[in-house]
Protein chains: 6
Amino acid sequence: MRPLVVVGPERAPRQEVEALRGFSAATVHEALGRQGSLGRRLRPLQPGARLTGTALTVLCPPGDNLTVHVAVEQIREGDVLVVTTTSPCRDGYVGELLATSMRARGALGLVTTTGIRDTAAIRALRFPVWCRAVSITGTVKETAGAVNLPVSIGGTVISPGDVIIADDDGVVCVPRARAAEVAEASRQRDERETGTRRALAEGGLGLDVYGMRPLLERLGVTYRGASPGEGPGGGGG
Amino acid sequence: MRPLVVVGPERAPRQEVEALRGFSAATVHEALGRQGSLGRRLRPLQPGARLTGTALTVLCPPGDNLTVHVAVEQIREGDVLVVTTTSPCRDGYVGELLATSMRARGALGLVTTTGIRDTAAIRALRFPVWCRAVSITGTVKETAGAVNLPVSIGGTVISPGDVIIADDDGVVCVPRARAAEVAEASRQRDERETGTRRALAEGGLGLDVYGMRPLLERLGVTYRGASPGEGPGGGGG
Amino acid sequence: MRPLVVVGPERAPRQEVEALRGFSAATVHEALGRQGSLGRRLRPLQPGARLTGTALTVLCPPGDNLTVHVAVEQIREGDVLVVTTTSPCRDGYVGELLATSMRARGALGLVTTTGIRDTAAIRALRFPVWCRAVSITGTVKETAGAVNLPVSIGGTVISPGDVIIADDDGVVCVPRARAAEVAEASRQRDERETGTRRALAEGGLGLDVYGMRPLLERLGVTYRGASPGEGPGGGGG
Amino acid sequence: MRPLVVVGPERAPRQEVEALRGFSAATVHEALGRQGSLGRRLRPLQPGARLTGTALTVLCPPGDNLTVHVAVEQIREGDVLVVTTTSPCRDGYVGELLATSMRARGALGLVTTTGIRDTAAIRALRFPVWCRAVSITGTVKETAGAVNLPVSIGGTVISPGDVIIADDDGVVCVPRARAAEVAEASRQRDERETGTRRALAEGGLGLDVYGMRPLLERLGVTYRGASPGEGPGGGGG
Amino acid sequence: MRPLVVVGPERAPRQEVEALRGFSAATVHEALGRQGSLGRRLRPLQPGARLTGTALTVLCPPGDNLTVHVAVEQIREGDVLVVTTTSPCRDGYVGELLATSMRARGALGLVTTTGIRDTAAIRALRFPVWCRAVSITGTVKETAGAVNLPVSIGGTVISPGDVIIADDDGVVCVPRARAAEVAEASRQRDERETGTRRALAEGGLGLDVYGMRPLLERLGVTYRGASPGEGPGGGGG
Amino acid sequence: MRPLVVVGPERAPRQEVEALRGFSAATVHEALGRQGSLGRRLRPLQPGARLTGTALTVLCPPGDNLTVHVAVEQIREGDVLVVTTTSPCRDGYVGELLATSMRARGALGLVTTTGIRDTAAIRALRFPVWCRAVSITGTVKETAGAVNLPVSIGGTVISPGDVIIADDDGVVCVPRARAAEVAEASRQRDERETGTRRALAEGGLGLDVYGMRPLLERLGVTYRGASPGEGPGGGGG
């Protein structure tokens, strides 16, 4: 990996980012055709935090956060830093000072596959973070990686300028070119769910609301009364 | 696995369930002779949540929550859904809509070895959940499993109608036929602990309160003053 | 392992412990030359809890907490129990009663590589705990280990009397003989950071504040405009 | 758990065990309706080893193998020891001496969720073992568990006298009462596969051999030529 | 994910694939600028197996291998099947029959993030496989995924037609368009290493052969004699 | 961590190392009082490999193997390199060239908590390795760590000059000062086991050979005939 910084990549247009704001990560994921999740291992530092912004991608060597410092200079208002490493590393790449700096430069938050530290101070700053770990272990600043090249997290490729939606459920990435389309699909999905929610809250059954009874019949689902002596199933526990 | 729904299995009697209510999962586990835990990987979504109800068991294929929808129709007031899969899967099997439906049908809560999503909304609903993961990734509704057959989680078999006790410490299952006996044993245990707690809070030593000094002697426990140069032990970290 | 209790090991002097109080675990870790962390797997039971005290070390067999009871008798005011096992075990070694007893005897808190239980009650007691797991599964009291011998957690050796600093970020151990020196180094580090924090909060760049631009040049970091078609990097997700 | 040894449980009849011999664990698992696997974490110590015998179940406390010694006395010719613990423990429960003893008493092999040690010697003995780990760490002999009570491994309950089939793919348990039926279903499955194997080896397609094309049509599977620019899917890596 | 099969994607030219054959996965990874690894969790089923071929990518739902059957029809001579799932699943997606079919259709091997089964038979077939797990648990054939769309494994995106190099060390992917260039770089790297290997085998030091002594000086590496009493470092164990 | 190389630390005397040679890692571990294991995660690259030598310790930053090159210069005939990192890293720190160099300088083998690569070549070299992973991902050579300071692996502290015993079961460290004593204890243990092995091979029971029946009585172990309907125990699977 040669050390490289891509300057000023195109971001998703402001109004398309705004059109996505307010939808949950799960809704957007569905609207994307069940794609775009960064995986269930990225957890929010602050329960209840929410975020919609444009990706500024950072690829670091393990144990070295020099490239995060390089990336801070590239922040534009509304960006979210998306940090990963060339091999798995859960050390504390970002602490209070870097978080202070990111916020001062206009970043909305941080998504990282590394660990972070100074978590009490970062919570006090109200700078939202999604991360893999909390770790006291710091990093060196000796080797440079890449800023604003595509990175891959949880099977999803994040390109600079893509839209990041994060909440209590995790993090989703919407490709820049699809932001408007996905915002519209999210809106439609939310609308549909409003009616369903009401029907279910009143005691309606999903089997009826979603029309699943013919499927059960085709699958040969059998109903019978209780009888003793059946062994357990499972293995997914 | 042929798709099967057992209708109306016998539940533990209401008054026996009530007799167990109020005891902690740890107390009941001890009263059961140190059995019945569903393992330390099931964690509460809402700190402080507590639950005592009758098990409605659900066994799903990986990545498919059709059987959860089937199970909702089988809920009776006071049930707890206990969901697992035929092979490990942490996808988001239950979201806001299913949780809304479960509560509307009378379920007290959900225990699942899968992931869940829409966690902010589920917290707002105050519908208590114990789960293995939070995951944005949804499931399909194509293949059916089994409702109200015994399932196995964390080395414990849960049969439909068994009593589920869940709190911050995790989840315990009391076999239906032993509910009354275990409630009584839990009551006795709690009673005994009241005295012990007072003695210890006043500075009494467990060594004396529990009468363990003869055991220490038999084991040959040696007391000596400090001296330098001993190497460390461990390996459990 | 022969069962052994070392009585009255030398503790770090009270005033040196006090000199360390108030510094975060991450700061102390840096002041120690990036050493002393007990690893990122020890997590606080109570967010926001903080602790500075002297180590009382406990080494138990797996599944057996007899030695913790033995250790309680050795507590002196200001001690922190540091518990580990001879092979990994996440069972619930400490519950409400033991926590009550530890506090009544003057302990400031508990650090353990095992699980704990009665977590709601322990939270209510405001007795701070750092642990690996929460587990309903209890232990027996049949086999004895060692009290106040050095133990090893997360690659760090903790000797009795060392200073333990724990907060939301994790746990750090300062060797007894270095407490004064590390307190002073922590103070200097905190002082330096105050200025840096202000500069960064006002929008200054770490690249300038830390003088890293010459390093970037030496490393050959290249800046260029965006162009399409680059593949993703990563693998650390 | 009160210490208990069940003496002389009924084993699956010799001829039914023999009827199952020779079928692979995967075939038997399918013939059981995709049930009975002890999970993918039990791995063979000796590649190529195969085993069909009756289960002698052993439940131990963590870090204590006393109950394995107790179980050896209960071995009958053709038994397989199935060992697990009340909470997870990967210590070395069985070494060369115990393996020597098991073989001398007529056991065909060992299946254990613990670790084992003296692996070079056990390989030299040609005593087949399936286990979770190899570990130098030994155990104590202080606390007793249970012999010949049902145990649960990987979501499957193994009762004493059930038939254990193990090979390179893992371990499967056939309930005693179903041995004859499952042997016959395995035979039929093997027979069917012979024809399929030949068809596929000659270049036939599963889509045709299994008649899956109508399903593809119903699912709306679309075929098209290559075009550039599609993003990656995944997340299962 | 809509079910889709891309037919006849462009493969890396035969002669460029041949130019890469014979280089180890580690060498090619270095020649690619330390990119392209599919991660350390994909392990070879058969020690010593080696493979160089063109990727045929397959994306399946969890617990469902229908799409693998669909993919077999798309195999061209020299292809390697690269299989992953939309969420993590280690079930046995491929057994003896599918492996027989893949080989009969001209595939050189299989790389999969899932589990496989019938491993003894697959070893006997000498059909090379790299996988995440061995699992008796089979899959259903109910839901379709995608064939020959890009997939992401271990942070690396694999597009159909890319070159896959696999050996005992793991699996590397070379983008189709860079095959020739990377083959040449691999050749040069191998050549350089021949001289280095000889120097080192004769007792030369890497410090001299690679000219690292000035770097040590710049880093301030200090040499001194032994003295007692230093504490241990680590945490990476 | 300041970069430091300790030159010429005292090694365990040659004849004491020789006195330990031939004993298995498990035997030595027992002779040490069940201490000294480096944990069950270090696995041999070459089944059947055995090793007894003196530790040359190496502590590296994550992702950087410069310090391993530095350590090679410090090898003396009969040394074993013991490599770990300041935070967990499974990258490929050692490949064919470094292994060639280590052997040429007189090292007997390598024990590392990192990954290795070029495994086929290293097997061909017959240079024995115990490691945590195999990984294609290489490291940089930018930052220096420490050579011949104590390191901690799996809860055991290894000081330079200690004796390392490694075989199929794993790795054990004998403190330099205890080598002679432990060799003698190992010899006695082996001797005792010879008689026991014979008794057990002839069908004797451990219960009698070890005299455990009084213990069973004291523990209240109950024997009874089989009866139906008992639930399973477990949770250790």
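Residues numbered from 1 in each chain as written. Chains lettered and ligands numbered in written order. Predicted model: local features only at pLDDT ≥ 70, side-chain atom pairs only at ≥ 80, totals over all residues. Heavy atoms only, no water.

Student: Is there a simple way to think about the relation of the copies chain F and chain E in this case?
Tutor: These two copies of the chain differ by a rotation about an axis and a displacement along the same axis. With an axial shift of 0.0 Å and an RMSD of 0.0 Å, the rotation relating chain F to chain E amounts to 120°. Taken together, the rotation and translation relating the two chain copies correspond to the operation of a three-fold axis. No C-alpha of chain F lies nearer the rotation axis than that of Pro47(F), which sits 6.9 Å from it. (Least-squares fit on C-alpha atoms with pLDDT ≥ 70 in both.)

Student: Is there a simple way to think about the sheet that holds strand S12 (residues 156-158) of chain F in this case?
Tutor: Strand-to-strand pairing in sheets goes through backbone hydrogen bonds, with the strands running parallel or antiparallel. Across the sheet, which stays open at both edges, the three strands sit in the order S16(E)-S11(F)-S12(F) with mixed pairing between neighbours. In this open sheet, the two strands that pair with only one neighbour each are strand S16 (233-234) of chain E together with S12 of chain F. Two strands pair when backbone bridges link them, and S16(E) and strand S11 (residues 151-153) of chain F are joined in this way by two bridges, in the parallel orientation. Within S11(F), the position partnered with Gly233(E) by the bridge is Val151(F). (Pairing = 2+ DSSP bridges. Helix = DSSP H or I, 4+ residues; strand = E, 2+ residues; numbered from the N terminus.)

Student: I would appreciate a short explanation of the interface of chain C and chain B in the present structure.
Tutor: Frequently, the measure chosen for interface size is the accessible area that the parts lose on association. Each side of the interface is counted separately: chain C has 49 residues, and chain B has 45 residues. Taken together, chain C and chain B are joined by four salt bridges. Here Arg197(B) makes a salt bridge to Glu96(C), at a shortest N to O gap of 2.8 Å. The tally of links between chain C and chain B comes to 12 residue pairs in polar contact (both at pLDDT 80 or more). Elements that contribute at least two residues to the side of chain C that touches chain B include exactly strand S1 (4-7), helix H3 (66-72), strand S4 (79-85), helix H4 (96-104), helix H5 (119-125), strand S9 (133-134) and strand S11 (151-153) of chain C. Ranked by the residues each element gives to the side of chain C that touches chain B, the list is headed by H4(C), at five residues. Here the side of chain C that touches chain B is composed, by residue class, of 23 nonpolar, 16 polar and 10 charged. The sheet contact formed by strand S15 (residues 222-225) of chain B and S1(C) spans four bridges and is parallel. Residue pairing across strands places Gly225(B) opposite Val7(C), the latter belonging to S1(C). (Contact = heavy atoms within 4.5 Å. Salt bridge = Lys/Arg side-chain N within 4 Å of Asp/Glu carboxyl O. Polar contact = N/O pair within 3.5 Å; in protein donor to acceptor, adjacent residues only side chain to side chain. Nonpolar A, V, L, I, M, F, W, Y, C, P; charged D, E, K, R; others polar.)

Student: Would you mind showing me how to read the packing of aromatic side chains here?
Tutor: Given two aromatic rings, one states the distance between the centres and the angle between the planes to describe the pair. In this structure the tally under the stated criterion is zero aromatic pairs over all chains. Positioned above the aromatic ring of Tyr210(A), the side-chain terminus of Lys141(B) is 6.0 Å from the ring centre. (Phe/Tyr/Trp six-rings, centres within 6.5 Å; stacked < 30°, edge-to-face > 60°. Lys NZ or Arg CZ within 6 Å of the ring centre and 35° of its normal.)

Student: Explain the side chain of Thr100(F) here, please?
Tutor: Along the polypeptide, Thr100(F) turns up in helix H4 (residues 96-104). Among the polar contacts made by the side chain of Thr100(F), one reaches the main-chain carbonyl oxygen of Glu96(F) at a distance of 2.8 Å. The contact partners of Thr100(F), leaving out residues within four places of it in the chain, are Arg197(E), Leu200(E), Ala201(E) and Leu125(F).

Student: Would you mind showing me how to read the interface of chain F and chain E here?
Tutor: Contacts between chain F and chain E engage 49 residues on the former and 45 residues on the latter. Contact between chain F and chain E buries roughly 3800 Å² in total, counting both sides, with carbon and sulfur atoms accounting for 59%. There are four salt bridges connecting chain F and chain E. Linking Glu73(F) and Arg213(E) is a salt bridge whose minimum nitrogen-to-oxygen distance equals 2.9 Å. The tally of links from chain F across to chain E stands at 12 residue pairs in polar contact (both at pLDDT 80 or more). Elements supplying a minimum of two residues to the side of chain F that touches chain E: strand S1 (4-7), helix H3 (66-72), strand S4 (79-85), H4, helix H5 (119-125), strand S9 (133-134) and S11 of chain F. By residue number, the principal contributor to the side of chain F that touches chain E is H4(F), which donates five residues. Looking at the side of chain F that touches chain E residue by residue, the class counts come to 23 nonpolar, 16 polar and 10 charged. (Buried area = accessible area lost by both parts, 1.4 Å probe.)

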